Amino acid sequence: MEKLAMLYEGKAKQMFKTARKEELIVHFKDDATAFNGEKKGQIVDKGIINNKITNFFLKMLNQAGIPTHLIKELAARETLVKAVEIIPLEVVVRNTAAGSLAKRLGLPEGTKLERTVIEFYYKNDELGDPLINQSHIELLELATPAEIATLTKLASKINQILSTFLAARQVDLIDFKLEFGKTSAGEIILADEITPDTCRFWDIESREKLDKDRFRRDLGGVEAAYREMYKRITGQKWQ
Ligand code: TMP
Ligand code: ASP
């Protein structure tokens, strides 16, 4: 399958058209940004690692009955996916307080949450992706109540599958972000990526951060953390 015109360029990925209207190619870049693009940098080989990890997780979720946009991996940085209309919501699932939740609720980072927290953020760069609730989503007609229920159910199932898988690999899934899309038939399927860019991964024992917080917070060892997650998730040596 050949890449045709670029359809869209985001902070970490590019999307290309193909000869088939219903199929797109996603290209994973090494570019990294944080704080709505204010902080910019590169993480060496991130695109290769994130492509591989996303393929691994989406395949696993597909096999567990979660519909996803994955068709097949094409190259080190490229994957063929189903074209969908992205629902402009970031669905964040949290098992442990960290990042903006720790700040907003005044909970020390690392506090285990007694119940899973699911949040919706409005994907809108100009507004800085604000946290929104169900009434706001309905007001802006971003999703119907039935679709919100579907997103919540899928996010919760995905959390169970990923948390269990990662715990067996000595990784605590602290929180993560998902994006969903709608097919032309109206089905809601998981889209985008699941990577150290979009998840917080902490070593179960040492609580060491193995994700993009190392870049966001200038903690050093960014590339090593991405490689470590590649190894733990795929079970393969890094190059
Ligand atoms: P937060 O604590 O900053 O709200 O982030 C929650 C989770 O969502 C964390 O795993 C990182 C991920 N995330 C993204 O994937 N993209 C974003 O733009 C932000 C802000 C967070
Ligand atoms: N990539 C996002 C941005 O630049 C934020 C993040 O992942 O922290 O807005």
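Residues numbered from 1 in each chain as written. Chains lettered and ligands numbered in written order. Predicted model: local features only at pLDDT ≥ 70, side-chain atom pairs only at ≥ 80, totals over all residues. Heavy atoms only, no water.

**Some thoughts on the sheet that holds strand β2 (residues 13-17)**
Strand order in the open sheet formed by five strands is β1-β2-β3-β7-β6, with antiparallel pairing between adjacent strands. One side of each edge strand has no neighbouring strand; the edge strands of this open sheet are β1 (6-9) and β6 (70-75). This sheet shows a mean twist of 25° between the axes of neighbouring strands, independent of strand direction. Two strands pair when backbone bridges link them, and β2 and strand β3 (residues 23-28) are joined in this way by five bridges, in the antiparallel orientation. (Pairing = 2+ DSSP bridges. Helix = DSSP H or I, 4+ residues; strand = E, 2+ residues; numbered from the N terminus. Axes fitted to C-alpha atoms, helices over the stretch in contact; angles between N-to-C directions.)

**Focus on the site of ligand 1**
Taken together, 15 residues surround ligand 1, and among them Arg94, Ser100, Asp175, Lys177 and Arg200 come closest. Within the contact set of ligand 1, an oxygen atom lies 2.9 Å away from a side-chain nitrogen or oxygen of Arg200. Here ligand 1 has 450 Å² of accessible area as a free molecule, and 76% of this is covered by the chains. Each residue belonging to the shell around ligand 1 can be placed in one class, and the counts come to five nonpolar, three polar and seven charged. (Near = heavy atom within 4 Å. Polar contact = N/O pair within 3.5 Å; in protein donor to acceptor, adjacent residues only side chain to side chain. Areas by Shrake-Rupley, 256 points an atom, 1.4 Å probe, with all protein chains shown as cover. Nonpolar A, V, L, I, M, F, W, Y, C, P; charged D, E, K, R; others polar.)

**Details of the site of ligand 2**
Neighbouring residues of ligand 2: Lys11, Thr33, Ala34, Phe35, Asn36, Gly37, Lys212 and Arg216. Ala34 is positioned with one of its backbone polar atoms (N or O) 3.3 Å from an oxygen atom of ligand 2. Between Asn36 and ligand 2, the recorded distance is 2.9 Å, taken from a backbone N or O atom to an oxygen atom.

**A look at the UniProt feature "domain: SAICAR synthetase/ADE2 N-terminal" (unreviewed entry) in the protein chain**
UniProt tags residues 7-232 as "domain: SAICAR synthetase/ADE2 N-terminal" (unreviewed entry). As a span, residues 7-232 carries 31% helix and 34% strand, and end to end its C-alpha atoms are 33 Å apart. (UniProt positions renumbered as here; feature names shortened; annotations may be inferred.)

**What about the packing of aromatic side chains?**
On inspection of all chains with the given rule, the structure shows four aromatic pairs. Ring centres 6.0 Å apart and planes at 85° place the aromatic pair Phe57 and Phe165 in the edge-to-face group. Within this pair, whereas Phe57 is found in helix α1 (residues 46-63), its partner Phe165 is found in helix α4 (residues 145-167), the two being separated by 108 residues in sequence. For the pair formed by Phe57 and Phe165, the shared burial category is buried. Consider the rings of Tyr230 and Trp238, whose centres lie 5.0 Å apart with planes at 80°: the pair is edge-to-face. By relative accessible area, which is 7% here, Tyr230 ends up buried. (Phe/Tyr/Trp six-rings, centres within 6.5 Å; stacked < 30°, edge-to-face > 60°. Buried < 20%, exposed > 50% of the residue type's maximum accessible area, 1.4 Å probe, protein only.)

**Some remarks on the nonpolar core**
Residues Phe57, Leu162, Leu166 and Phe180 are the most contacted members of the largest nonpolar core, which totals 49 residues. Considering every element that reaches this core, the biggest residue donor is α4, with eight residues. Non-local contacts of Leu162, meaning those with residues more than four positions away in its chain, are made with Phe57, Met60, Leu61, Leu173, Phe176 and Ile194. Counting five residues, the second largest nonpolar core, distinct from the first, contains Met15, Leu24, Val26 and Phe28. (Core = buried A, V, L, I, M, F, W, Y, C linked by side-chain atoms within 4.5 Å. Contact = heavy atoms within 4.5 Å.)

**Re α1**
In a regular helix each residue adds 1.5 Å, so 18 residues correspond to 26 Å; α1 covers 25 Å between its end C-alpha atoms and thus fits that length. Within α1, 13 of the 18 residues are buried, which leaves the element mostly enclosed by the surrounding structure. Gly65 lies just past α1 and shows a positive phi near 95°. (Expected span 1.5 Å × (residues − 1).)

**Remarks on the pattern of salt bridges**
For the structure shown, the criterion picks out 28 salt bridges. With its nearest N and O atoms 2.9 Å apart, the salt bridge here joins Glu119 to Arg94. Remark: Arg94 occurs in strand β9 (residues 89-96) and Glu119 occurs in strand β10 (residues 112-122); sequence separation between them is 25 residues. In this structure, Arg216 engages Asp213 in a salt bridge whose closest nitrogen and oxygen atoms are separated by 2.8 Å. Within this pair, Arg216 and its partner Asp213 are both found in helix α5 (residues 213-216), separated by three residues, close to a single helical turn. Residue Asp213 is classed as buried on the basis of its relative accessible area of 0%. Each member of the salt-bridge network shares a partner with another, and the members are Arg94, Arg104, Glu109, Glu119, Asp175, Arg200, Lys209, Asp213, Arg216 and Arg217. (Salt bridge = Lys/Arg side-chain N within 4 Å of Asp/Glu carboxyl O.)

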